[in-house]
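# Breakdown of the fold
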Amino acid sequence: MTTNDNPFAGHNGPIDTQDGLYSEDELRLSNRNSGILLETLALDVTPTGLHYLLNHFDVPLLDAGNHKLSFSGAFDTAAELSLDEIKAMPQVTLPVTLECAGNGRAGVSPRLHAMPWIYEAVGTSEWTGTPLRPLIEQMGLRSDAVEIAFTGADYGFDKGVGHSFGRSLTLAQIAELDVMLVYAMNGQPLLPQHGAPLRLIVPGWYGMASVKWLERIEALTQPYDGFQQLRTYRYRETAEDPGRPVTAIRVKSLMVPPGVPDWGSRKRYLEPGPVTLTGRAWSGAGVPISRVEVELDGAWQEARLEAAVGDYAWTKWTCDWTASPGEHVLRCRATDADGQVQPLEAPWDAAGFGNNAAQKVVVFVGQSAAAL
Ligand SMILES: Nc1nc2c(c(=O)[nH]1)N[C@H]1C(S)=C(S)[C@@H](COP(=O)(O)O)O[C@H]1N2
Ligand SMILES: [Mo]
């Protein structure tokens, strides 16, 4: 199959944004993928089965016993490693908060025809594997290599272009971000949907860089030109704009919605009186969180911060509130150590990438639940 076959003519073309209700295609995407349940933001580590999921194509069902990772291109010799050989290498476990670049897309209008995330495409896991940088050096990387390309076993079409999901990183990025080759998540072998048996984890960057079902590492002497890097994950003003690459996660916070939900709207019901609000805040590229504020009854209150779960993992925050009867809109916003502050309105992007606008939670405070 050549890369320019387009069996889906009609869906071809530049970024396709639209107003109005979600389409059947978007609902199908959202049923295949899934977000965390916001109540699990109370936990340092997201339970594995509740971690968000974003798969572009079909999940390849790979056999861990026969899986090989190939090294090609500008290495001294081409080589293949089995999973057992990778597991015998120095092992590290790192808690990392992963967030999909499209998280928040549903708050940006007109929207890209893609996964309709609201807030839930984020989670933290303890990833176990081996550091990538020493492994690449050990494989005899040649001095003319400029980038390393990572290719997964999943193949499909996007805008008429057939390709395996792939991404690249420069050597400096691999070193700075503590990139890992990962085979376990929260102490268990990777699940099929999270990249079994082997994936990349690129701490501090949006999730698209963390290639799942990894089967090929190629050292390039020319800049990488893969579809997902050049055509998909770019910040663009308009569809025609060549854009800037999507890289580090933008500063963001979320709260555990307090009280109990209405089944349909998921608006919240609370009894009047004192309540401790809690949530998580995180930023990209290892930059710590320095501040979280919560908007309560029209004033921004300072939240208390706990120690971050890890250098690349979220920080828990708490904030006390005395809930008075009536309807309230609660918001939280984080600031990172570089002084980046979450905006209150969605930053414009043609594909809805990087929307880190403050979360809004609508709460009704009443005299008693029985009165509802
Ligand atoms: N091979 C491959 N890797 C992939 C993807 C994919 O579709 N195929 N999706 C990427 C995106 S966009 C995200 S956000 C993360 C999601 O990882 P998770 O599903 O384990 O949470 O995987 C990334 N790695
Ligand atoms: Mo993503």
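Definitions and limits used
- Residues numbered from 1 in each chain as written.
- Chains lettered and ligands numbered in written order.
- Predicted model: local features only at pLDDT ≥ 70, side-chain atom pairs only at ≥ 80, totals over all residues.
- Heavy atoms only, no water.
- UniProt positions renumbered as here; feature names shortened; annotations may be inferred.
- Near = heavy atom within 4 Å.
- Polar contact = N/O pair within 3.5 Å; in protein donor to acceptor, adjacent residues only side chain to side chain.
- Areas by Shrake-Rupley, 256 points an atom, 1.4 Å probe, with all protein chains shown as cover.
- Nonpolar A, V, L, I, M, F, W, Y, C, P; charged D, E, K, R; others polar.
- Pairing = 2+ DSSP bridges.
- Helix = DSSP H or I, 4+ residues; strand = E, 2+ residues; numbered from the N terminus.
- Core = buried A, V, L, I, M, F, W, Y, C linked by side-chain atoms within 4.5 Å.
- Buried < 20%, exposed > 50% of the residue type's maximum accessible area, 1.4 Å probe, protein only.
- Domains from an automatic or database assignment.
- Phe/Tyr/Trp six-rings, centres within 6.5 Å; stacked < 30°, edge-to-face > 60°.
- Lys NZ or Arg CZ within 6 Å of the ring centre and 35° of its normal.
- Contact = heavy atoms within 4.5 Å.
- Buried area = accessible area lost by both parts, 1.4 Å probe.
- Salt bridge = Lys/Arg side-chain N within 4 Å of Asp/Glu carboxyl O.

The name an unreviewed UniProt entry gives the protein is Sulfite oxidase, with Hoeflea algicola as the organism. We quote the UniProt Cofactor (unreviewed entry) comment for the protein here in full: "Mo-molybdopterin".

All right, on to the site of ligand 1 then. Neighbouring residues of ligand 1: 19 residues in total, closest Tyr-52, Asp-154, His-194, Arg-199 and Lys-212. Between ligand 1 and Leu-54, the relevant distance is 3.0 Å, taken from an oxygen atom to a main-chain nitrogen or oxygen of the residue. At 2.8 Å from an oxygen atom of ligand 1 is found a main-chain nitrogen or oxygen belonging to His-56. When ligand 1 is considered free in solution it has 530 Å² of accessible area, and contact with the protein chains removes 100% of it. Per-class residue counts for the shell around ligand 1 are 10 nonpolar, six polar and three charged.

Taken together, the four strands give an open sheet; going across it, the order is β15-β18-β22-β21, and neighbouring strands pair in antiparallel fashion. With partners counted over all chains shown, the strands left at the sheet margins are β15 (252-255) and β21 (304-305), one partner each. For β15 and strand β18 (residues 273-282), the ladder comprises four bridges, and the chain directions are antiparallel. Counterpart to Met-255 in the pairing with β18 is Gly-279.

By size, the foremost hydrophobic cluster in this structure holds 51 residues, and its most contacted members are Leu-132, Phe-150, Leu-181, Leu-200 and Ile-217. At the level of elements, β2 (68-73), α2 (83-87), α3 (132-138), β7 (147-158), β8 (161-169), β9 (180-185) and β12 (214-220) are the ones that each hand at least two residues to this core. When we break this core down by domain, the ones giving at least three residues each are domain 1 (7-245) and domain 2 (252-365).

Tallied over the entire structure, the rule returns five aromatic pairs. Centre to centre, the rings of Phe-71 and Phe-75 are 5.6 Å apart; their planes meet at 80 degrees, and the pair counts as edge-to-face. Here Phe-71 matches Phe-75 in class, with each residue buried. With a centroid separation of 6.1 Å and 90 degrees between ring planes, the pair formed by Tyr-155 and Phe-157 is classed as edge-to-face. Of the residues examined, Phe-157 reaches a relative accessible area of 22% and is grouped as partly exposed. The ring of Tyr-235 has Arg-250 sitting right over it, with the charged end atom 4.3 Å from the ring centre. When the ring centre of Trp-300 is taken as reference, the NZ or CZ atom of Arg-333 above it lies at 4.0 Å.

Let's shift gears to the side chain of Arg-280. Relative to the elements of secondary structure, Arg-280 occurs in strand β18. Judged by relative accessible area, which is 0%, Arg-280 ranks as buried. Those residues in contact with Arg-280 that sit more than four places away from it in its chain are Leu-41, Ala-42, Leu-43, Asp-44, Lys-252, Ser-253, Leu-254, Val-309, Trp-314, Thr-315, Lys-316 and Trp-317.

In terms of domain boundaries, the protein breaks down into domain 1 (7-245) and domain 2 (252-365). Residue-level contacts link 42 residues of domain 1 with 28 residues of domain 2. Summed over both partners, the interface of domain 1 with domain 2 buries about 2,900 Å², with 60% contributed by carbon and sulfur atoms. Together, Leu-41, Val-108 and Tyr-119 form the three largest contributors to the area buried by domain 1 at its contact with domain 2, with a combined 21%. We note a salt bridge from Glu-99 to Lys-252, for which the minimum N-O separation is 2.8 Å. If you list the elements that add at least two residues to the side of domain 1 that touches domain 2, you get β4 (92-99), β6 (122-131) and β13 (234-235). The element that contributes the greatest number of residues to the side of domain 1 that touches domain 2 is β4, accounting for five residues.

It is worth spelling out the pattern of salt bridges at this point. Applying the stated criterion across every chain yields a total of 13 salt bridges. Glu-26 is the salt-bridge partner of Arg-111, the closest N and O atoms lying 2.8 Å from each other. Remark: Glu-26 occurs in helix α1 (residues 24-32) and Arg-111 occurs in strand β5 (residues 111-112); sequence separation between them is 85 residues. Residue classification places Arg-111 among the buried positions, given a relative accessible area of 7%. On the basis of relative accessible area, Glu-26 is assigned to the buried category, the value being 0%. Among the salt bridges present, the one from Arg-304 reaches Asp-320, with a minimum N-O distance of 3.1 Å. A residue pair is termed long-range when its members are at least 10 positions apart, and Arg-304 in strand β21 and Asp-320 in strand β22 (residues 315-323) qualify at 16 residues. A relative accessible area of 46% places Asp-320 in the partly exposed class.

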